[in-house]
Each structure stands twice: as structure tokens, then as C-alpha cells.
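# Coordinates in review
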Amino acid sequence: MFDWNDLRFFLELQRSGRLLTAARRLNTTHATVARHIEAIEKSLGTALFVQHAQGYEMTPAGEALLKHAEAMENVALLAQEEITQSTAPLGKIRVGVTEGLGIKFLASRMIGLFERYPGLEVELVAVPRFVSILNREAEISIHLERPAADMLVTRKLTDYRLALYASQRYLDKAPPLQSREDLGRHAWIGYVDDLLFSQELMFLNSFCRSPRVVFHSTSVIAQQEAARSGLGIAVLPCYMASTDPDLVPLLPDESIERSYWISTRRELHKSVRLRVVWDYVVGLCEAEQGLLRGQSCRT
């Protein structure tokens, strides 16, 4: 029988794909990680990983062990939480979220959660990419597309509206803009097409058939800053831009709607501290529908 402690090292190597990364996350050395992997492989009499130039890839035996190792980990986490927590949940929850919503909406509105649960610790991973809960990058993930995995609990978090914005500095020097037909004569700000992490971000052509994009960025916050500087027109979420005094809303009848989805792994949905964070974020979005749905974009 292998040592159950070895499964921690097995799971971390599977999630990171590299010995050094796994060692850093476990606060140990790569030699220690390798030793634990060798010990479990010896006990089971089979290889669990194959090493490639890009990292470690699981063998069929590793894939067979993975579901059992994750189940054991989940039972241990839930048992620890049930024993150590009561009505005031303590501990850490990592939330993966798109950059705009995380930085421009959630971060400034989280204080109410900590006032109610001072022992809670939240890690907000707000990045311009998809944060995977299946690979344990986060316990809660908020993204632009509804995930299809059966092992997840998912619900729509909120719809949100995007509209056209530019600075007065840009408008003073740009061609007149009175209708949709005028948009083809203007400079645009947009995403880097081949680095898009979601097809839901391909929306420039919803406004202009052949936009002349002069500035591309993977970051919606960088796009907002470029628009504020006078570089061109940007398509921005109303919750980000409608309160920005340096941006002017353009063509109020021209806007689009997208959705955010919130997910967690099915077994973690029973977690007290996860549900506290989940319910708070859901309630926050419900309370801020006017801002998120862009009522000011259309007035």
C-alpha cells in the first residue's frame, strides 16, 4: 500500500506539469517531489507520468489514479472544514475572474464580505484569460462562456452591456460621429485577435464592418487607458466606462450584451466558506443590475 501523503505530490505534479512548479507550490524541492512520485510508482508497479520537453504527462495508469486521488483530497478538505468551522467560516477561497470584472467591479465591493466574516481570506485572480477550476487554479471561476463539464456546478451570474466610448480629446480631432455609418472613418482600440481567450470578445465587427484598429491589447484595462488618452474608440463594459469622467459615451443606441457565468466543482459546492463567497458575489451582481446591464449606456 502506498503512502497516502504521496498523493499530494502526485496531484500537484499533474496540475502544474513541471517538477519545479510543483515543488514551489508545495514549498519543497523538486528532488522531494520526484522522490514521492517514484515511491508511489514503485508501490503501484507502474509509471504514472511520462516526461516530455514541455513537462510531465500522465500515463493511462496516472489517469486512472487521478479520479481517486481527487476524491480523497475532496473528502479530506470537506472533513477538515466541517470539523474546524461553524457559523463563521474561516480559511482561504481563490476566485478566478476576468480582468475587467475582477479589478473594476468586484475588488472595490468585497469589503462587506470581510465585515461579516473577518476570518475569511479571498485570493482574487483577475487576469485576461480563462482560470481553470478543474486544474485547481481556483475554487470559484467567473468566465464569459458557460462551461460544459459535468463535474461543475454552474449558473449565470449576470448579463452585462458593452458600449462605445472615446475621450473628448479624440472626438475634438476626429471626423464627425453622428451615426453607425460614420464609424468606418474612425480609429479603433481592440483585442489581439490571435490571443483571444474567448470568442465572446470578438465584437468589433458588431459595430463596424471593417474597423481600422490602431491599438491592440489583451487587457481591457489597457484598452480603457488607451481610449482615455485619446487614441480612438473602444468597446468597453458599461460598469467600467460609464463612471469614468475622461470617457464620453457614443451612439447610445449602439450596444451589445454579454454574460458572465460562475462555476465551482460539484463536490466543493457543499463547502461552507465557498458558499459564503459564492452567495456574496451572486447577491452583489443582483444588487448592481443597473450598472452591469448598462442603463446609463442607453440614456
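Residues numbered from 1 in each chain as written. Predicted model: local features only at pLDDT ≥ 70, side-chain atom pairs only at ≥ 80, totals over all residues. Heavy atoms only, no water.

The name given to the protein in an unreviewed UniProt entry is Transcriptional regulator, LysR family, with Pseudomonas helmanticensis as the source organism.

## Observations regarding the overall build of the protein
Looking only at helices and strands, the protein has 11 helices and 10 strands in total. Projecting the C-alpha coordinates of the protein onto the three principal axes gives extents of approximately 75 × 50 × 30 Å. Counting every position in the protein, which comprises 299 residues, the buried fraction comes to 47%. Sequence-distant contacts, at least 24 apart, represent 75% of the contacts inside the protein between residues at least 6 apart. Of the roughly 15400 Å² of accessible surface on the protein, a fraction of 51% belongs to carbon and sulfur atoms. Of the charged side chains in the protein, 34 are positive and 36 negative, and the gap between their average positions amounts to 1 Å. (Helix = DSSP H or I, 4+ residues; strand = E, 2+ residues; numbered from the N terminus. Buried < 20%, exposed > 50% of the residue type's maximum accessible area, 1.4 Å probe, protein only. Contact = heavy atoms within 4.5 Å. Areas by Shrake-Rupley, 256 points an atom, 1.4 Å probe, with all protein chains shown as cover. Lys, Arg positive; Asp, Glu negative; His and termini not counted. Charge placed at Lys NZ, Arg CZ, Asp CG, Glu CD.)

## Concerning the side chain of Thr154
By the secondary structure assignment, Thr154 is in strand E6 (residues 152-166). Once residues lying within four places of it in the same chain are set aside, the contact partners of Thr154 are Arg146, Pro147, Trp261, Ile262 and Ser263.

## Points about helix H3 (residues 30-44)
Here H3 is 15 residues long and its end C-alpha atoms lie 21 Å apart, about the 21 Å a rise of 1.5 Å per residue gives. Residues Thr32, Val33, Ala34, His36, Ile37, Ile40 and Glu41 constitute the buried set of H3. Count one or two residues on from H3 and you reach Gly45, which has phi positive near 75°. (Expected span 1.5 Å × (residues − 1).)

## So, the pattern of salt bridges
Inspection of the entire model under this criterion finds 15 salt bridges. When the shortest N-O distance is used, the salt bridge between Glu12 and Arg25 registers 3.2 Å. Residue Glu12 is found in helix H1 (residues 6-16), and its partner Arg25 is found in helix H2 (residues 19-26); the two are separated by 13 residues along the sequence. On the accessibility criterion, Glu12 (14% relative accessible area) is buried. Here Arg25 falls in the partly exposed class, since its relative accessible area comes to 49%. Across the pair Arg293 and Glu257 runs a salt bridge whose closest N-O atoms are separated by 3.2 Å. A residue pair is termed long-range when its members are at least 10 positions apart, and Arg293 in the segment after helix H11 (289-292) and Glu257 in strand E10 (residues 248-265) qualify at 36 residues. Beyond isolated ion pairs, a larger network of salt bridges with shared partners links Glu225, Arg228, Asp244 and Asp246. (Salt bridge = Lys/Arg side-chain N within 4 Å of Asp/Glu carboxyl O.)

## What to know about the packing of aromatic side chains
The final tally for this structure, using the stated rule, is 6 aromatic pairs. Ring geometry for Phe49 against Tyr56: centres 6.3 Å apart, planes inclined by 85°, an arrangement best described as edge-to-face. For Phe49, a relative accessible area of 9% gives the class buried. Judged by relative accessible area, which is 24%, Tyr56 ranks as partly exposed. The interplanar angle of 10° and the centroid separation of 4.2 Å between the aromatic rings of Tyr160 and Tyr260 together place this pair among those described as stacked. One end of the pair, Tyr160, is in strand E6; the other, Tyr260, is in strand E10, with 100 residues separating them in the sequence. You can call Tyr260 buried: its relative accessible area is 3%. (Phe/Tyr/Trp six-rings, centres within 6.5 Å; stacked < 30°, edge-to-face > 60°.)

## What about the pairing of E10?
Summarising the sheet, strand E5 (residues 140-143) and E10 pair through 4 bridges and their orientation is antiparallel. Each bridged residue has a counterpart across the sheet, and for Ile142 the counterpart in E10 is Ile262. Pairing of E6 with E10 involves 14 bridges; the strand directions are antiparallel. Residue pairing across strands places Ala166 opposite Val248, the latter belonging to E10. (Pairing = 2+ DSSP bridges.)

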